[in-house]
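Descriptive analysis of the structure
Here is what each chain is made of, one letter per residue.
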Amino acid sequence: MKSILNALTIKSRENATSHRPLLFRLKAATDRAAMESVISDTTQVFDEILGQVEEYVKSKNPTKVFSKADLTEAAKKHIGEIPHEEYGVWVFYPWSNRLVHTLDEEEFIEVRTNRNQYKITPEEKKILAEKKIGIIGLSVGQSIALTIAMERSCGELRLADFDILELSNLNRIRTGIHNLGIAKTVAVAREIAEMDPYFKVTCFHEGASEENIGDFITKGGKLNILVDECDGLLVKILCRQKARELGVPVVMDTADRGMLDVERFDLDPKRPILHGFIDHLDINKVKEAKTNEEKVPYLLPMLGLDTVSTRMKASMLEIEQTITTWPQLASSVVLGGGLGADVCRRILLDQFHDSGRYFVDLEEIVADKKEPIEDDHHRFILRPEISQEEMLSIIKKRNDKALVSQLDLDKNTVTELVKYATMAPTGANIQPWKWIWHNKHLYLFFDDRYSAGLLDCGNTTSFVGLGAATENLVLKAHELKLEVIAEKQELDKNSKLISVYRFFKEKNNELMWKTEDHICDELVSTIPLRLTNRNIGKRVKIDEERLLKLKKIAQTIPGADMQIISDEKILDEIREVTAVMDRIRVTHKGGHKDFLAEIRWTPEQAREMGNGVDLIGTVDLTPSELAGWRVLKDWNVVQYLNEWKVGKALEKIQRKSIAASSAVGLLTVPHFSCNDFYTGGRAFQRIWLAANKDNISVHPASLSVLIFNNLLHGDKNLFPEEMRQEALSMRKKFEELFSIKEDKGEVILFRFFIDNPPKSRSVRYPVEQVLKFL
């Protein structure tokens, strides 16, 4: 049996590239002899010639009603004295060993296309018969090719694809499993030949390339339309460049949302390829793009990221995670076949002239009727900004009296102090502060309009930033030879007034408030240089002595402490916990809303708004990661990830971040309270300044800690139960890794590493926007 199977397999392979049938007209003795030489006892013979002649006769007499007997008699009369086997053509298909008796070409085409009549007129039929269409790529391209061939919308098809049929292709390519392993070009050409043995098909089995794209378009006569359905980035660009040069229109279907793309280079030879979507890129570098990361900047504009379907966007995030490539459905491919063939026919008949992108989105066209729902998820709603009147009212109620020795600072000095204070870091760069100078006092108010729900439990994260601002202000005051009293208020989540500052020429220990000690004054020079370094870099060991200095800096604030971990094995475990929490942040509806409010999608947007995180300028992302973040803007995409229980790609950046870290540091304060977190903010800033002064880069890898704060101290209903349980399991691991036993306030999780500073820094509000003199 094995030898028989091997022999049959070898014979099958011999026919692997055969795609042209053999035509025999038995009137000719040579054809009769040739046919007898190729058929055998195993050849399957199909002879329905009489039925075809009946159809032909009927088509020629549309007004006459035939009985079955009359129609048969009319068909025999049409055949006349010609012997049955000599009428028409015998078609032999070598790949299937089938012999089929059919009408000769003219009568065959007449009958096969009879039902096209007036959808395609006889005159249009003649025009189309002279046209040539080339198709590169035979997934969606197969559907377009077969539809064109069925309609006979052209006289020649040229097919180019280097790939072979695989089992996974059969979700969208109509063929049988007996064709697995053969070239896609061969499979399509065979199917067309089995439908219409007279239809001209030219195959480029090697696919389209820089070397042969000219021949593909011009050899044997210039194409009238080029259909691009290939996956290759370089070929997509090359074929358009050549088509534009030769004045050939290009049509493309993406099998997503019924999107069809048309570029009429025949009517506008100067139009940019792909409608100018990639004009900002260096097309000459396409050849150098080998990896997905290098190809993404070109591919995404081609696809049109903003117009891709929600499911496709969600699927993009799962490529190389749970799937290997872009998903496609047979229904979309078949729809694309119809759309592509229809548009090609109308272009050839001079019935359609425009360029552009067109959508036949069945999910929108054929959809349940729904009442409009007001959804503010994608529109971040600000709470009312704290007003000048409200702040002044609070100040007047306090009725602070200036002390005899208290300085009345000039406007320039106050502005300089606040300028330095507002260089402090804040969660998501929200800068939740307003400053008032009134009657020799400087007042710091909490402006909570940007407070993030999931990452700011009870406004504690915001108070960390306000504490950091106080630290900066004190350091700058000392540099200006000023003594300062920072009177922190008793704080809770509803507090508006945070601190009151008084300035003096020298210390006065007889005052009821203590002037600030001169601790860490040397850090003031680092304030303008301090920045968040979101680069990934590589893990470089930092001497334990340098890390210990940072721990001691934390301890200069009473009650504050920092546990530093540099052990690589433990860091790897921390990486997994924090990565999961990063995913939870984005897949949580409130966290996602915070994410939208935080990100500035262009440097221009960041400069215009003066807050938030500049995604392009300050975050170290690969092109595919940047694309992933853009996809995540759509909450509906995230909902699919939640529904499918996937989304591991959302953990990737955090994994890379911790993997490149030399150490992490968990800053703690005695209690989870607004007061302690404000004080912790001062320690937070001292650590950061000291690290940067020592050329240690800092990035708050803090999302996990902030989410844990809400998990432990916030609203228990904030998390869906399944998400809550996953977060609790991560919390348990986190406590084990950091040996957490006491109920302390966890302020932030730093990552420390060695790397060059980023090219850009986060923007700030102008001082005059946040400081008022009253």
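Rules used throughout
Residues numbered from 1 in each chain as written. Predicted model: local features only at pLDDT ≥ 70, side-chain atom pairs only at ≥ 80, totals over all residues. Heavy atoms only, no water. Helix = DSSP H or I, 4+ residues; strand = E, 2+ residues; numbered from the N terminus. Rg over C-alpha atoms; globule rule 2.2 N^0.38 Å. Contact = heavy atoms within 4.5 Å. Areas by Shrake-Rupley, 256 points an atom, 1.4 Å probe, with all protein chains shown as cover. Lys, Arg positive; Asp, Glu negative; His and termini not counted. Charge placed at Lys NZ, Arg CZ, Asp CG, Glu CD. Buried < 20%, exposed > 50% of the residue type's maximum accessible area, 1.4 Å probe, protein only. Disulfide = S-S within 2.5 Å. Pairing = 2+ DSSP bridges. Axes fitted to C-alpha atoms, helices over the stretch in contact; angles between N-to-C directions. Salt bridge = Lys/Arg side-chain N within 4 Å of Asp/Glu carboxyl O. Parallel < 35°, antiparallel > 145°, perpendicular 65-115°, else oblique. Nonpolar A, V, L, I, M, F, W, Y, C, P; charged D, E, K, R; others polar. Patch = residues over 30% accessible without salt bridge, like charges linked within 9 Å, V, L, I, M, F, W, Y side chains within 5 Å. 1 Å grid on protein atoms, 1.4 Å probe; cavity = no way out; pocket = protein on both sides within 12 Å on 5 of 7 lines; lining within 4 Å. Points joined across faces, edges and corners; volume = space filled by probe spheres on them. Expected span 1.5 Å × (residues − 1). Arc of directions from axis to C-beta. Phe/Tyr/Trp six-rings, centres within 6.5 Å; stacked < 30°, edge-to-face > 60°.

Along the backbone of the protein there are 29 helices and 22 strands. Taking 2.2 N^0.38 as the reference for a compact globule, 774 residues should give roughly 28 Å; the C-alpha atoms of the protein span a radius of gyration of 37 Å, well beyond that estimate. Its C-alpha atoms put the protein at 130 × 60 × 45 Å along the principal axes. Considering only intrachain contacts with a sequence separation of at least 6, the fraction spanning at least 24 residues in the protein is 75%. Accessible area of the protein: about 37,000 Å², with a carbon and sulfur share of 52%. Here the protein contributes 108 positively and 117 negatively charged side chains, and the mean placements of these two sets differ by 2 Å.

Phi is positive for A255, close to 60°, though the residue is something other than glycine. With respect to the secondary-structure elements, A255 resides in the loop between β9 (250-253) and β10 (259-263). According to the relative accessible area criterion, A255 is buried, its value standing at 7%. The backbone of N695 shows a phi angle near 60°, a positive value even though the residue is not glycine.

Moving on: the state of the cysteines. By the definition in use, this model includes zero disulfides. Not part of a disulfide, C203 finds its nearest cysteine sulfur in C154, a span of 13 Å. Classification of C203 as buried rests on a relative accessible area of 15%. Of all cysteine sulfurs in the structure, the one in C230 sits closest to C239, which takes part in no disulfide; the separation is 5.8 Å.

In spatial order, the strands read β14-β15-β13-β12-β22; together these five strands make up an open sheet with mixed pairing. The sheet is open, and its two edges are formed by β14 (483-488) and β22 (771-773), each paired on a single side. Averaged over all pairs of adjacent strands, the angle between strand axes in this sheet comes to 20°, irrespective of strand direction. Here strand β12 (residues 433-438) runs beside β22; their pairing, made up of three bridges, is parallel. Looking at the pairing, I436 lines up with K772 of β22. Where helix α15 (residues 388-398) meets the sheet, it contacts β12, β13 (441-446), β14, β15 (497-504) and β22, and its direction lies at approximately 125° from that of β13.

Mapped onto the secondary structure, V360 falls in the loop between β11 (356-359) and α14 (362-365). For V360, a relative accessible area of 27% puts it in the partly exposed group. Taking the C-alpha atoms as reference points, V360 and G258, separated by 102 residues in sequence, lie 4.5 Å from one another. Discounting residues that sit within four places of it in the chain, V360 has contacts with R257, G258, L335, L339 and I365.

We now examine the sheet that holds strand β20 (residues 697-700). Pairing is antiparallel in the open sheet, where four strands are placed in the order β16-β19-β21-β20. Both outer strands of the open sheet, β16 (561-565) and β20, are each paired with one neighbouring strand and no more. Averaged over neighbouring strand pairs, the angle between their axes works out to 25° when direction is ignored. The sheet contacts of helix α18 (residues 544-554) involve β16, β19 (663-669) and β21 (745-753), and relative to β16 the element is tilted by about 160°.

Take the pattern of salt bridges next. A full pass over the atoms with the stated rule returns 56 salt bridges. Measuring nitrogen to oxygen at the nearest pair gives 2.8 Å for the salt bridge that ties R682 to E471. Of this pair, R682 sits in helix α26 (residues 674-693) while E471 is found in helix α17 (residues 460-479), placing the two residues 211 residues apart along the sequence. For the pair formed by R682 and E471, the shared burial category is buried. In this structure, the salt-bridge partner of K645 is E722, at a minimum N-O distance of 3.3 Å. With K645 in the loop between α24 (635-644) and α25 (652-659) and E722 in helix α28 (residues 721-737), the pair connects residues that are 77 residues apart, well separated along the chain. Sharing partners across several salt bridges, the network here consists of R539, E568, D572, R575, E576, R583, K648, E651, R655 and E726.

Two elements in contact, helix α19 (residues 568-587) and helix α20 (residues 589-598), have axes separated by 5 Å at closest approach and are oriented at 85°. When the axis of α19 is compared with that of α20, the two are roughly perpendicular. Contact residues: R585, V586 and T587 in α19; K589, G591, H592, D594, F595 and E598 in α20. When grouped by side-chain class, the residues that make up the contact of α19 with α20 number two nonpolar, three polar and four charged.

A few words on a nonpolar patch on the surface. A cluster of nonpolar residues, L167, I177 and L180, forms a patch on the protein surface that exposes about 310 Å² of accessible area. Of the residues examined, I177 reaches a relative accessible area of 62% and is grouped as exposed.

What follows concerns the pairing of β14. With five of six residues buried, β14 lies mostly within the body of the structure. Summarising the sheet, β14 and β15 pair through six bridges and their orientation is antiparallel. Each bridged residue has a counterpart across the sheet, and for E487 the counterpart in β15 is V500.

One pass over the structure, following the stated rule, counts one cavity of 30 Å³ or more. Looking at the largest cavity, its volume works out to about 40 Å³. Elements supplying a minimum of two residues to the lining of the largest cavity: β12 and α29 (767-770).

Okay, the layout of surface pockets next. Roughly 760 Å³ of volume is contained in the second largest pocket. Forming the walls of the second largest pocket are 25 residues, and the residues nearest its centre are D256, R257, S309, R311 and E363. For the lining of the second largest pocket, the secondary-structure elements that each account for two or more residues are α12 (310-316), α13 (330-348), α14 and α24. Counted by class, the lining of the second largest pocket contains nine nonpolar, nine polar and seven charged residues.

Glancing now at helix α4 (residues 68-79). A rise of 1.5 Å per residue sets the reference length of α4, with its twelve residues, at 16 Å; its end C-alpha atoms lie 17 Å apart and thus fit the reference within 8%. The set of residues buried in α4 consists of L71, T72, A75 and I79. An end-on view of α4 places all buried positions within 100° of arc, on one side of the element. In α4, those exposed residues whose orientation departs by more than 90 degrees from the buried face are A69, E73 and K77. Of the residues flanking the end of α4, it is G80, one or two places downstream, whose phi is positive at about 70°.

Position of L548 relative to the elements: it lies in helix α18. Assessed through its relative accessible area of 41%, L548 is described here as partly exposed. Along the backbone, L548 and Q563 are 15 residues apart, and their C-alpha atoms lie at a distance of 9.7 Å.

In this section: the packing of aromatic side chains. Within this structure, the stated rule accounts for 18 aromatic pairs. Ring centres of W688 and F750 lie 6.3 Å apart, and the angle between their planes is 85°; on these two criteria the pair is classed as edge-to-face. With W688 in helix α26 and F750 in strand β21, this residue pair connects regions lying 62 residues apart in the sequence. With respect to burial, W688 and F750 carry one shared label: buried. Plain terms: the ring middles of F734 and F738 are 4.6 Å apart, the flat faces sit at 40° to each other, and that makes the pair tilted. For the pair F734 and F738, one class covers both residues: buried. Each residue in the set F684, W688, F750 and F752 is aromatic and connected to the rest through ring pairs, giving one cluster.

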